[in-house]
Amino acid sequence: DRDVTGVQTCALPISWGEWGVWDFCPDRTFVVAMELRSDRVASGSGRGDQMGLTAIKFYCSEPGTFNGTTTLTSSTTTDGAWGSKFYCSHTVVGFQLRSEADQGSSGDDTAANNLRLICSSADSAAAVLEGDGPARGDWTTTQRCFPRQAICGLQTMVEPSLGSAGDDTGVNNLRVEIGRAHV
């Protein structure tokens, strides 16, 4: 069973967009991996509007195993390309979001750009997995679960397209649901 114990959100100075729907791991499963989609055009490439992260996908499995059959996504855009999958050996117990502050009227806003997962392990110290999103912005404070808890749900804030004249961003923020891991 997944006993819900709370929700964690990054405290960010920007909030362009709207919260999407929650998506949850099935009972007795937790987040064990991630895959990021991003608009990874190099800065200074001459391309107009860069968006940063455009989607976050989590994979659910029973603690200590990986079958990867259940995926979680919330709001996304269709821009960008999927990167590599990053796996924890056990469960995900925390995260950090790399986010860029408002660049002002003359800059190109990207909002969220990358994600780090904090992995637990039944037999070793926590490992940190850093995604392959763009390297723009700063890392937020680490959000961690309490002992015997793990991440089991996902909700993202995504800015809708502003059209050809707008400065689009993709993912702006992330919320995770925390559940009691019976391991």
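The structure this text deals with has already been given above.
All of the points below concern the structure found in this document. (Residues numbered from 1 in each chain as written. Predicted model: local features only at pLDDT ≥ 70, side-chain atom pairs only at ≥ 80, totals over all residues. Heavy atoms only, no water.)

**Considering the side chain of Thr-29**
Here is the rule we go by: By definition, any uninterrupted DSSP run of H or I lasting at least four residues is a helix, any uninterrupted run of E lasting at least two residues is a strand, and each is numbered from the N terminus. Any residue under 20% of the maximum accessible area for its type is buried, any over 50% is exposed, and the rest in between are partly exposed; the area is computed with a 1.4 Å probe on protein chains only. Contact criterion: two residues are considered in contact whenever any of their non-hydrogen atoms come within 4.5 Å of each other.
On the secondary structure map, Thr-29 appears in the loop between strand 3 (23-24) and strand 4 (30-39). Thr-29 gets classed as buried once you look at its relative accessible area, which sits at 12%. If near-sequence neighbours (up to four positions away) are discounted, Thr-29 is found in contact with Cys-60, Ser-61, Glu-62 and Cys-152.

**Description of the pattern of salt bridges**
Here is the rule we go by: The term salt bridge refers to a side-chain nitrogen of Lys or Arg lying within 4 Å of a carboxyl oxygen of Asp or Glu.
According to the stated counting rule, one finds three salt bridges in the structure shown. Here Arg-136 ties to Glu-100 by a salt bridge, and the two come within 3.0 Å at their closest N and O atoms. With Arg-136 in the loop between strand 10 (127-130) and strand 11 (138-139) and Glu-100 in the loop between strand 8 (92-99) and strand 9 (112-119), this residue pair connects regions lying 36 residues apart in the sequence. Taking relative accessible area as the criterion, Arg-136 reaches 17% and is therefore assigned buried. The salt bridge involving Glu-130 is made with Arg-116; its shortest N-O contact spans 3.2 Å. Remark: Arg-116 occurs in strand 9 and Glu-130 occurs in strand 10; sequence separation between them is 14 residues.

**Considerations on the sheet that holds strand 5 (residues 52-61)**
What counts is decided by this rule: Two strands make a pair as long as DSSP finds a minimum of two bridges between them. To get an axis, a line is fitted to the C-alpha atoms, and for a helix only the part in contact is used. The angle between two axes follows their N-to-C directions and goes from 0 to 180 degrees.
Strands sit in the order 6-5-4-7 across an open sheet of four strands; the sheet is antiparallel. Looking at which strands have only one partner, the edges of the open sheet turn out to be strand 6 (70-72) and strand 7 (81-87). Across the sheet, the mean angle separating the axes of adjacent strands is 25 degrees when strand polarity is ignored. Summarising the sheet, strand 5 and strand 6 pair through three bridges and their orientation is antiparallel. Opposite Tyr-59, over in strand 6, you have Thr-71 as the bridge partner.

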